[in-house]
Amino acid sequence: MNPKQDRRIKIVGSGYYVPDKVLTNADLEKMVDTSDEWITTRSGIKERRIAAPEQASSDLALEAAKRALDDAGMTKDDIDLIIVCTATPDTAFPSTACWVQKGLGTDHIPALDIGAACSGFLYGLIVSESLILSGTNKRILLIATESLSKITDWEDRTTAVLFGDGAAAAVLEESDDDSGILSHYWKADGNLAEVLLQPGGGSRMPCSYAVVDEKMPFLRMRGNEVFKHAIKRMGEAAAEAIAKAGLTHEDVDWLIPHQANIRIITATGKRLHIPDEKVFVNIHKYGNTSCVTTPTALHEMKETGMLKQGDIIVLVAFGAGFTWAAITYRW
Ligand code: COA
């Protein structure tokens, strides 16, 4: 949105949920050939949460959604659209949003999923902004949810140590003050789709005994390549969003980068000339929860009083696709 325009959307309630089970680096040392030292220095992760066998992504989403509605002082009847961002849907169809709708027990409001992997929540905010400012919807429940543990190959040390499960949600409506989204930037490059993907189980490689034997329904990643692109693209996206808001890096109070790897987070801050103390980090607690990391960070910061009214926040993410996006937000 052009900062000169006076209409914007804002978050009026938020919440997150993580499963109870904690998987530490020490636990992983017993499962694959790795060490706490390697995981900590290469990724910044100390522990992550793992969904229970009976918990699907919509179950995590539902908990986060209820907390966000409570936080907004609203009920399910106050929302007119559910958007779920996820790379680990309960089912290919119906959408995870429909499972959440069932769980919430809403009227027949529309419900849809957005597939943008780790950039999902930012893509969701951008789509919601258009829907609300065009008058199509008044109040949107935007949820990010992942149960990545369900598509992780627990024998592959290169991926098993990185990911975690969780969900976070936000209630969005048109802002009645100065706070809210000031600008956004979003891009994708499908030429790099094969660098990070879940190869099997879709229409390209339908499930069969052979596909399962080859572990194709598990997440596959060329970590080094992701790493390089993530640093470049997150820096680019954040810089573009800051400029589109008519601001400079000196105006930024908080950079909230997707929590994929502490080295990616630190490098992104450096590229943007934003000092470490203004760069939010919680990757040690949850690992990479894909699109869930940015809304979880926002809620944690709000809950702990880190965010002050008027703060300029830059949210930035990068993920499979590749997709990348950034948002400048006045709190
Ligand atoms: N424990 C111990 N050693 C491990 C290991 C583990 N869990 N995983 C990989 N290694 C080994 C490798 O086998 C390799 O050994 P070799 O040199 O004998 O071949 C060595 O460590 C270095 O591997 P490399 O992949 O070069 O490490 P890296 O510094 O690039 O770090 C990642 C690997 C995955 C942590 C890093 O590339 C990364 O974070 N990439 C981005 C991933 C990401 O964020 N994905 C989600 C998208 S948002």
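Note: the structure precedes this text.
Residues numbered from 1 in each chain as written. Predicted model: local features only at pLDDT ≥ 70, side-chain atom pairs only at ≥ 80, totals over all residues. Heavy atoms only, no water.

*Asks:* Provide a residue-level description of the pattern of salt bridges, including the pertinent values.
*Replies:* Oppositely charged side chains can pair when the atoms bearing their charge come close. Counted under the stated rule, the structure contains 14 salt bridges. Between Asp 176 and Lys 10 there is a salt bridge, and its shortest N-O distance comes to 3.1 Å. You can see Asp 176 sitting in the loop between strand E7 (165–174) and strand E8 (180–188) and its partner Lys 10 sitting in strand E1 (residues 9–17), a full 166 residues away along the chain. Residue classification places Lys 10 among the buried positions, given a relative accessible area of 13%. One salt bridge connects Glu 155 with Lys 215, and the closest N-O pair in it is separated by 2.5 Å. Of this pair, Glu 155 sits in the loop between strand E6 (139–147) and helix H6 (157–160) while Lys 215 sits in the loop between helix H7 (209–213) and strand E10 (220–221), placing them 60 residues apart in sequence. The class for Glu 155 is exposed, based on a relative accessible area of 63%. (Salt bridge = Lys/Arg side-chain N within 4 Å of Asp/Glu carboxyl O. Helix = DSSP H or I, 4+ residues; strand = E, 2+ residues; numbered from the N terminus. Buried < 20%, exposed > 50% of the residue type's maximum accessible area, 1.4 Å probe, protein only.)

*Asks:* Requested: an account of the environment of Thr 323, with residues and values cited.
*Replies:* For Thr 323, the location among the structural elements is in strand E13 (residues 323–330). Separated by 134 residues in sequence, Thr 323 and Asp 189 have C-alpha atoms that sit 6.4 Å apart. With residues up to four places along the chain from it excluded, the contact list for Thr 323 reads Ala 116, Ser 119, Tyr 123, Lys 187, Ala 188, Ala 317 and Phe 318. Of the polar contacts made by the side chain of Thr 323, one reaches the backbone oxygen of Ala 320; its length is 3.3 Å. (Contact = heavy atoms within 4.5 Å. Polar contact = N/O pair within 3.5 Å; in protein donor to acceptor, adjacent residues only side chain to side chain.)

*Asks:* Kindly report on the side chain of Thr 34, identifying the contributing residues and their values.
*Replies:* Structurally, Thr 34 is set in the loop between helix H1 (25–29) and helix H2 (36–43). Once residues lying within four places of it in the same chain are set aside, the contact partners of Thr 34 are Leu 28, Glu 29, Ile 39 and Val 161.

*Asks:* Tell me about the sheet that holds E1, residues and numbers included.
*Replies:* Taken together, the five strands give an open sheet; going across it, the order is E1-E7-E6-E4-E5, and neighbouring strands pair in mixed fashion. Each edge of the open sheet carries a strand with a single partner, namely E1 and strand E5 (111–114). Each adjacent strand pair in this sheet contributes to an overall mean axis angle of 20°, direction not counted. Both E1 and E7 contribute to a ladder of eight bridges, which runs antiparallel. Residue pairing across strands places Gly 15 opposite Ala 169, the latter belonging to E7. Across the face of the sheet, helix H4 (residues 96–104) comes into contact with strand E4 (81–85), E5 and E6 while running at roughly 130° to E4. (Pairing = 2+ DSSP bridges. Axes fitted to C-alpha atoms, helices over the stretch in contact; angles between N-to-C directions.)

*Asks:* Which residues make up helix H11 (residues 293–303), and what values go with them?
*Replies:* For H11, the tally of buried residues reaches nine of eleven residues, placing the bulk of the element in the interior. When H11 is considered as a whole, its buried residues turn out to be Thr 293, Thr 294, Pro 295, Thr 296, Ala 297, Leu 298, His 299, Glu 300 and Met 301. Two residues or fewer after H11 comes Gly 305, characterised by a positive phi angle close to 75°.

*Asks:* So, the sheet that holds E13: which residues are in play, and what are the values?
*Replies:* Read from one edge to the other, the open sheet built from four strands follows the order E8-E13-E12-E11, with strand pairing classed as mixed. Strand pairing shows two members of the sheet lacking a second neighbour, E8 and strand E11 (254–257), which therefore form its edges. Strand-to-strand twist across the sheet, computed as the mean angle between neighbouring axes with direction ignored, equals 10°. Contacts from helix H5 (residues 120–133) reach E8, strand E12 (312–319) and E13, with the element oriented near 120° to E8. Sheet strands in contact with helix H8 (residues 223–244) are E8, E11, E12 and E13, and its direction is about 145° off that of E12.

*Asks:* A description of the packing of aromatic side chains should follow, citing residues and the corresponding values.
*Replies:* Per the counting criterion, the structure on display carries five aromatic pairs. Between Tyr 329 and Trp 331, the ring centres sit 5.7 Å apart and the planes meet at 40°, which makes this aromatic pair tilted. Residue Trp 331 is classed as buried on the basis of its relative accessible area of 18%. (Phe/Tyr/Trp six-rings, centres within 6.5 Å; stacked < 30°, edge-to-face > 60°.)

*Asks:* Give me the site of the ligand: which residues, what numbers.
*Replies:* As a structural note, the neighbourhood of the ligand is formed by 21 residues, with Thr 34, Arg 42, Arg 157, Asn 224 and Asn 261 the closest of them. In this structure, Thr 34 approaches the ligand through a side-chain N or O atom, which is 2.7 Å from a nitrogen atom. The protein chains hide 73% of the 950 Å² of surface that the ligand would expose on its own. For the shell around the ligand, the elements supplying multiple residues, two or more each, are H2, H6 and H8. Tallying contributions element by element places H8 first for the shell around the ligand, with four residues. For the shell around the ligand, the class distribution of residues is ten nonpolar, seven polar and four charged. Mapped onto the domain boundaries, the shell around the ligand takes at least three residues apiece from domain 1 (9–177) and domain 2 (181–330). (Near = heavy atom within 4 Å. Areas by Shrake-Rupley, 256 points an atom, 1.4 Å probe, with all protein chains shown as cover. Nonpolar A, V, L, I, M, F, W, Y, C, P; charged D, E, K, R; others polar. Domains from an automatic or database assignment.)

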